[in-house]
Amino acid sequence: MKTCSYLLVFLIAGAGVLAAQNDTQAPTEKPRVKIMVEKMHGGMPGMGFGHDWWRNSEVAQKIGLNQQQTQQLNQIFSSHRANLAQMRANVEIEEGKLSDLLDQDQPQQDQVLAQVTQLQNARNALEKEFTVMTLAFRGVLTPDQWKQLQSMSHERMFFRMHKPGPGGPGDGPPPMPPSE
């Protein structure tokens with residue numbers, strides 16, 4: 001259960017890396033790291049709170065954040081932003097290298113496996129940075145605030161997993177466009 005709790009907060013804080021994305025990407029292009037985060041976390045980075053959940057007035061009010069805590073959380077995020085952006089870039093570089101190896105007519109297994117290790121190392125470094133930032137966030141919150149944030153995360157995750165309609169459970173593939 002503790003691991004699950006850490007994972008939930010990791011997800012909330014982890015979405016912060018998305019805020020550090022480079023704005024040079026085309027708006028319709030979905031960055032690889034966002035896809036990776038969504039895959040790792042069930043498509044719910046931040047579970048609806050957004051990358052800067054502590055600035056969300058609804059969340060802040062519900063868990064009773066004060067101005068000093070908000071400033072501390074901003075400072076923590078700011079101190080990790082550059083590392084998160086660099087580590088995200090490293091993951092993308094390693095993903096690109098792996099993709100290039102796999103796109104070869106006859107991929108060499110030893111090269112592919114070595115590159116998978118490099119990619120895993122890059123992802124591990126990114127996850128570790130998320131965890132360090134999350135622990136720093138948790139150090140700012142009181143135990144009660146932490147429990148409330150976890151509870152809100154569970155509720156939002158449950159809602160997203162059980163909502164009817166597109167994206168909800170049982171929702172099949174999107175309809176085929178009409179043929180011309």
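Predicted model, so just to flag it, every value in this text is computed and none were measured. (Residues numbered from 1 in each chain as written. Predicted model: local features only at pLDDT ≥ 70, side-chain atom pairs only at ≥ 80, totals over all residues. Heavy atoms only, no water.)

1. Some details on the packing of aromatic side chains
Centre distance and the angle of the planes are the two values used to describe a pair of aromatic rings.
Argument step 1. Counted under the stated rule, the structure contains 4 aromatic pairs.
Argument step 2. Aromatic pair Trp53 and Phe137: ring centres 5.9 Å apart, planes at 85 degrees, arrangement edge-to-face. Taken together, the positions of Trp53 in the loop between helix 3 (32-40) and helix 4 (57-63) and Phe137 in helix 6 (residues 109-140) put the pair 84 residues apart, joining distant regions of the chain. With respect to class, Trp53 is no different from Phe137; both count as buried.
Argument step 3. Counting every residue linked through ring pairs, the aromatic cluster contains Trp53, Trp54, Phe77 and Phe137. (Phe/Tyr/Trp six-rings, centres within 6.5 Å; stacked < 30°, edge-to-face > 60°. Helix = DSSP H or I, 4+ residues; strand = E, 2+ residues; numbered from the N terminus. Buried < 20%, exposed > 50% of the residue type's maximum accessible area, 1.4 Å probe, protein only.)

2. A short note on the pattern of salt bridges
Argument step 1. Taken as a whole and judged by the stated rule, the model has 4 salt bridges.
Argument step 2. Between Glu94 and Lys97 there is a salt bridge, with its nearest N and O atoms 3.8 Å apart. In this pair, Glu94 and Lys97 both sit in helix 5 (residues 67-102), 3 residues apart, roughly one turn of the helix.
Argument step 3. What makes Lys97 partly exposed here is its relative accessible area of 40%. (Salt bridge = Lys/Arg side-chain N within 4 Å of Asp/Glu carboxyl O.)

3. Some points on the confidence of the model for the protein chain
Argument step 1. Here the protein chain averages 74 in pLDDT, and 58% of its residues register 70 or above.
Argument step 2. Low pLDDT, under 50, characterises residues 170-180; the predicted model gives this stretch 2 contacts beyond four residues in sequence or across chains. (pLDDT = per-residue confidence, 0-100. Contact = heavy atoms within 4.5 Å.)

4. Considerations on the environment of Asn83
Argument step 1. Along the chain, Asn83 falls in helix 5.
Argument step 2. Classification of Asn83 as partly exposed rests on a relative accessible area of 38%.

5. Quick look at the side chain of Glu129
Argument step 1. Looking at where Glu129 falls in the secondary structure, it is placed in helix 6.
Argument step 2. One buried charge, Glu129, has no salt-bridge partner; the nearest side chain with opposite charge is Lys128, at 8.1 Å.
Argument step 3. Within the structure, Glu129 has its side chain in polar contact with the side chain of Asn83 (distance 3.4 Å).
Argument step 4. Contact partners of Glu129, with chain neighbours within four places excluded, come to His80, Asn83, Leu84 and Met87. (Lys, Arg positive; Asp, Glu negative; His and termini not counted. Polar contact = N/O pair within 3.5 Å; in protein donor to acceptor, adjacent residues only side chain to side chain.)

6. Observations concerning helix 5
Argument step 1. Between its first and last C-alpha, helix 5 extends 50 Å over 36 residues, near the 52 Å set by a 1.5 Å rise per residue.
Argument step 2. Residue Arg81 marks the point of greatest curvature in helix 5, where the axis turns by about 40 degrees.
Argument step 3. The distance from a side-chain oxygen at the start of helix 5 to the backbone nitrogen of Gln68 is 3.1 Å, and the residue carrying that oxygen is Asn66. (Expected span 1.5 Å × (residues − 1). Bend = angle between axes of the 7 residues up to and from the residue.)

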